[in-house]
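Architecture and fold: a report
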Amino acid sequence: MEKPALVASDVDGTILGTNEQVSDHTARVAGRVIADGTPFVLVSGRPPRWMPRIANAVGATGYAVCANGAVLYDVREDRVLWQRGISPVRLHDLGEALTTAIPGGAVAAERVGERAADVESFIAEEAYVHAWPDGHDVASRAEVLGHTAVKLLVRHEGMRSAEMAAAAIAVLGDEFAITYSTNAGLIEISERDVTKATGLADVAERFGVSADTVIAFGDMPNDIPMLRWAGHGVAMANAHPELLEVADEVTGTNDQDGVAQVLERWF
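Residues numbered from 1 in each chain as written. Predicted model: local features only at pLDDT ≥ 70, side-chain atom pairs only at ≥ 80, totals over all residues. Heavy atoms only, no water.

A sheet is described by the order of its strands in space; here eight strands give the open sequence 5-4-3-2-1-12-13-14, paired in mixed fashion. One side of each edge strand has no neighbouring strand; the edge strands of this open sheet are strand 5 (79-83) and strand 14 (249-250). Relative to strand 12 (residues 214-218), strand 1 (residues 6-9) runs parallel, the two sharing four bridges. Pairing of V7 across the sheet is with I215, part of strand 12. In the packing of helix 7 (residues 196-207) onto the sheet, contacts are made with strand 1, strand 2 (40-43), strand 3 (63-66), strand 4 (71-74), strand 5 and strand 12, and the angle to strand 3 comes to roughly 160°. (Pairing = 2+ DSSP bridges. Helix = DSSP H or I, 4+ residues; strand = E, 2+ residues; numbered from the N terminus. Contact = heavy atoms within 4.5 Å. Axes fitted to C-alpha atoms, helices over the stretch in contact; angles between N-to-C directions.)

The next subject is the pairing of strand 11 (residues 186-191). Of all six residues in strand 11, six are buried, a share of seventy percent or more. As paired elements, strand 10 (residues 176-179) and strand 11 share four bridges and run antiparallel to each other. Along strand 11, the bridge assignment pairs A177 with S190. (Buried < 20%, exposed > 50% of the residue type's maximum accessible area, 1.4 Å probe, protein only.)

In the structure shown here, the tally under the stated rule is 15 salt bridges. Between R90 and E175 there is a salt bridge, with its nearest N and O atoms 2.7 Å apart. Here R90, found in helix 4 (residues 88-101), pairs with E175, found in the loop between helix 6 (161-172) and strand 10; they are 85 residues apart in sequence, far enough to count as distant. Overall, E175 belongs to the partly exposed group, its relative accessible area being 28%. For R111, the salt bridge is made with E143, and the minimal N-O distance between the two is 3.9 Å. Taken together, the residues R111 in the loop between strand 6 (106-110) and strand 7 (122-124) and E143 in helix 5 (residues 141-144) connect sequence positions 32 residues apart. A residue is classified by how much of its surface remains accessible, and E143, at 30% relative accessible area, is partly exposed. Here the salt bridges share partners, and the residues they tie into one network are R90, E175, E191 and R192. (Salt bridge = Lys/Arg side-chain N within 4 Å of Asp/Glu carboxyl O.)

Our focus in this paragraph is the sheet that holds strand 9 (residues 151-155). As summarised here, the arrangement of the six strands in space is 8-7-6-9-11-10, forming an open sheet in which the pairing is mixed. Of all the strands in the sheet, the pair left with one neighbour each is strand 8 (137-138) and strand 10. Pairing of strand 9 with strand 11, which is carried by four bridges, proceeds in the antiparallel orientation. Within the sheet, the bridge partner assigned to L153 lies in strand 11 and is E188.

A separate point is the nonpolar core. Counting 36 residues, the largest nonpolar core has F40 and L263 as its most contacted members. Where this core is concerned, the elements lending two or more residues are helix 1 (11-15), helix 2 (24-35), strand 2, helix 3 (51-58), strand 3, strand 4, strand 12 and helix 10 (258-263). Those residues within four positions of L263 in sequence are excluded, and the remaining contacts are V7, V29, V33, F40, I215 and F217. Ranked by size, the runner-up nonpolar core spans 27 residues in total, among them L94, A97, I123 and V144. (Core = buried A, V, L, I, M, F, W, Y, C linked by side-chain atoms within 4.5 Å.)

Here you go:
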């Protein structure tokens, strides 16, 4: 590939090390990308409230694609530019279907406002147990499903994420976008046709950049649409086997500065 016109990177397991930090080396290389005038876009399953810390670590002040493509967030302005949520009516239908597809699964909803730190961002029913150390507001399932959400999360500690995704797809088909970013019994559901690729495509259009000039990095199945869409898709060495299959290239692990290893060819 020639010098990329836009760099897109997943966050967890990709630009963040296992210590949840951006290494000094990766930060320096990202800084050179940005100083060159090339957009550096974070593309994550995380909601906007997680983005400022990570964006600051790499010096990114532009757009961040959040919630697996359901939200576009302006880092500099601390402003949600748009969101593509699941309506309460569809959430209700989704909740009923999930009772059949994944018995015993607990649900949580990700909601966003106009700013990254708006209140009531994450709400879950009492049985929901986080896959990562975190906190949330507790409510009834009816309340969790009662307001538009950019992402519905389903947790089942007794299942693997791949099993859960397969079970949900068997019942829901292509009515919703179903993916996962961890193997720890958690799937993430978005509105139909919402993926990291659709969110990133919007950013590329804003910069007048074509897909074939974009380089994208990732590590989990929720990165598959983005790596397929980009002109050059790079999987981390620690990536899920499904992502390794679709990548154009495999770099070092997230703890080996795999993103920086590739970008240093041009920056």
